[in-house]
Amino acid sequence: MSKRYYWLKLKEDFFRDKVMKKMRKIAGGDTYVVIYLKMMLMSIQTGGELYFEGIENDFADELALALDEDEENVRVALGFLMRSGKLIEKSKSVYFMPEASEAIGSESSSAERVRKFREKQKQEQLEAEVTVALPCTAETPELLQCNTGETLCNVTGNVEKSRVEKIRVDKMESTGAQSDKPTDTHPPKAKRFVKPTLEEIRAYCQSRQNGVDAERFYDYYESNGWRVGKSPMKDWKAAVRTWERSEWNRGGEKYGSNSEPVADRWETKF
C-alpha cells in the first residue's frame, strides 16, 4: 500500500506576523508559539482540525496531554489563538485552524519517487559530457587538442552551459536557422479576486450538494474583509471546499446553523 507524506508550509513572514509578535511578547510567549506549531502539526492529517474526545475534563486539558505541555500554558495559548481568529470553535468537539488548513500539503510515496527520478534525470542531463566539433582557434586553447592547424578538434568534456549555448546560436546564424525558443516570455497576469454575491455562493454550494450554509459563509468573510487568516482571499470557491471538508470529513457531522465563528468572539472560557 502506498504511503502518504504530509508537510506544513509556513509563510516566510510567519514570525513577523503581528499576532505572532504579540504572542511572543506575552510572558512565556515563545512557549505559546511552540504550542501553536505543535497544534498545526497535530492537525496535519485532518485538514487543520483538532478534536475533543472527552478523555479529559475539557479540550485544553486533553490537548495538553496530547502535546505533552503544561495545562495552564495550553489554556493561555488557546485563549489567545481564539481571540485572534487563528483557532475557531466549530462545535464543542471540533476546533479549526484556518492557517494550518492553508499550509498543509501531501504527496504519495509513488509520486515522491517519480519526482525524485525526474530531478535526478534533469541533473544528469545538465552534467552530461558534451562532444562538440570546433575549429582550432585562439579563443579555446584550454579545451582543444589539435593534430594540425587545419583539422577540426574533437572536444570531450564538461562544457559550460553558456559556452554550448553560444556555439549553438553561432551555428544557427551561419545556417540561417531560426531559434525554437518562444519570443514571448511574459508570465500571465494573476487574476484579481472578485468578491462573490450571496446568490453565487448559494448556487455553488447547491451544485456541490455539500450542505454548507451559504449565508453563514458570506457573513463570516464579509465581516473579516474576505481574508483567510491574515492574507487576502484568492479563491472563494476553494474556501467553500475547505468548509465542506471541515463539515463532512467526520462521517457527515455538521456544526449547527446557529453557531457563530469563534474568530468573532473576544472572550472565550474553557
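Residues numbered from 1 in each chain as written. Predicted model: local features only at pLDDT ≥ 70, side-chain atom pairs only at ≥ 80, totals over all residues. Heavy atoms only, no water.

Novice: Just to check I follow, could you spell out the pattern of salt bridges for this structure?
Specialist: Evaluation of the coordinates by the stated rule reveals 11 salt bridges. The salt bridge partner of Asp17 is Lys86, with a shortest N-O separation of 3.9 Å. In this pair, Asp17 sits in the loop between β1 (4–8) and α1 (18–25) while Lys86 sits in the loop between α4 (71–83) and β3 (88–89), placing the two residues 69 residues apart along the sequence. The residue Arg208 makes a salt bridge to Glu244 at a minimum N-O spacing of 2.8 Å. Separated by 36 residues along the polypeptide, Arg208 in helix α8 (residues 198–208) and Glu244 in helix α10 (residues 236–248) bring together distant segments of the chain. Assessed through its relative accessible area of 17%, Glu244 is described here as buried. (Salt bridge = Lys/Arg side-chain N within 4 Å of Asp/Glu carboxyl O. Helix = DSSP H or I, 4+ residues; strand = E, 2+ residues; numbered from the N terminus. Buried < 20%, exposed > 50% of the residue type's maximum accessible area, 1.4 Å probe, protein only.)

Novice: Explanation requested: the packing of helix α2 (residues 29–42) against α4 in the structure shown.
Specialist: Two quantities define a packed helix pair, namely the angle between the helix axes and the distance between the axes. Taken N-terminus to C-terminus, the directions of α2 and α4 make an angle of 75°; their axes are 9 Å apart at the nearest point. Between α2 and α4, the angle is such that the two are roughly perpendicular. Contacts between α2 and α4 involve Thr31, Tyr32, Ile35, Tyr36 and Met39 from the former and Asn73, Val74, Val76, Ala77, Leu78 and Leu81 from the latter. Counted by class, the contact of α2 with α4 contains 9 nonpolar, 2 polar and no charged residues. (Axes fitted to C-alpha atoms, helices over the stretch in contact; angles between N-to-C directions. Parallel < 35°, antiparallel > 145°, perpendicular 65-115°, else oblique. Contact = heavy atoms within 4.5 Å. Nonpolar A, V, L, I, M, F, W, Y, C, P; charged D, E, K, R; others polar.)

Novice: Explain the sheet that holds strand β2 (residues 49–51) to me, please; I cannot follow it from the model alone.
Specialist: Hydrogen bonding along the main chain pairs the strands of a sheet, whether they run parallel or antiparallel. If you walk across this open sheet you meet the 3 strands as β2-β4-β3, and the pairing is antiparallel. Sheet topology places β2 and β3 at the edges, where each strand pairs with a single neighbour. Bridge count for β2 against strand β4 (residues 94–96) is 3 bridges, and the pairing is antiparallel. Following the sheet pairing, Tyr51 is matched in β4 by Val94. (Pairing = 2+ DSSP bridges.)

Novice: Please clarify how the environment of Leu10 should be interpreted in this entry.
Specialist: Inspection of the secondary structure puts Leu10 in the loop between β1 and α1. Separated by 89 residues in the primary sequence, Leu10 and Glu99 place their C-alpha atoms 9.0 Å from one another. The residues contacting Leu10, other than those within four sequence positions of it, are Leu37 and Met40.

Novice: What should I look at first to understand the packing of α1 against α2 in this one?
Specialist: Running from N to C, α1 and α2 cross one another at 130°; their axes reach a closest spacing of 6 Å. As summarised for this structure, α1 and α2 are arranged oblique, according to the angle between their axes. On α2, the residues touching Met20, Met23 and Arg24 of α1 are Gly29, Asp30, Tyr32, Val33 and Tyr36. Considered class by class, the residues forming the contact of α1 with α2 number 5 nonpolar, 1 polar and 2 charged.

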